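What follows is each chain in one-letter form.
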Amino acid sequence: MVRTPLTPEERLRGERLGRLLREARGARSMVEIAASAGISAETLRKIETGRAPTPAFFTVAALAGALGLSMDELLMRCAPEPDVAVPLAG
């Protein structure tokens, strides 16, 4: 299976997610948070560094739970800044 290349926006979103997770982790170790989320420390490292910019939903949800973040907060903090609003055609 060939993966479609990531768009620049997908890469930026992955970088924002990684930065948010690192900030939320604070002084706690990667191993501690990864174990709490049920993932490997290497997977967490890849997400935090942007090498895995599109992690699975359930991985993100598990990390949010381990870090005490809500999915709403993650979405708000990782979403791109809105451009000028364009009305939807209806």
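Everything that follows concerns the structure shown earlier in this document.
Right, let's walk through the structure included here.

Thresholds applied
- Residues numbered from 1 in each chain as written.
- Predicted model: local features only at pLDDT ≥ 70, side-chain atom pairs only at ≥ 80, totals over all residues.
- Heavy atoms only, no water.
- Salt bridge = Lys/Arg side-chain N within 4 Å of Asp/Glu carboxyl O.
- Buried < 20%, exposed > 50% of the residue type's maximum accessible area, 1.4 Å probe, protein only.
- Helix = DSSP H or I, 4+ residues; strand = E, 2+ residues; numbered from the N terminus.

### A few points about the pattern of salt bridges
Here's step 1: Following the criterion strictly, the structure yields 6 salt bridges and no others.
Here's step 2: Linking E42 and R51 is a salt bridge whose minimum nitrogen-to-oxygen distance equals 3.1 Å.
Here's step 3: By relative accessible area, which is 34% here, E42 ends up partly exposed.
Here's step 4: What makes R51 exposed here is its relative accessible area of 54%.
Here's step 5: Between E73 and R77 there is a salt bridge, with the nearest N and O atoms lying 3.3 Å from each other. Of this pair, E73 and R77 both sit in helix α5 (residues 71-78), 4 residues apart, which is roughly one turn of the helix.
Here's step 6: Each of the salt bridges in this network shares a partner with another, and the network as a whole consists of E23, E73 and R77.

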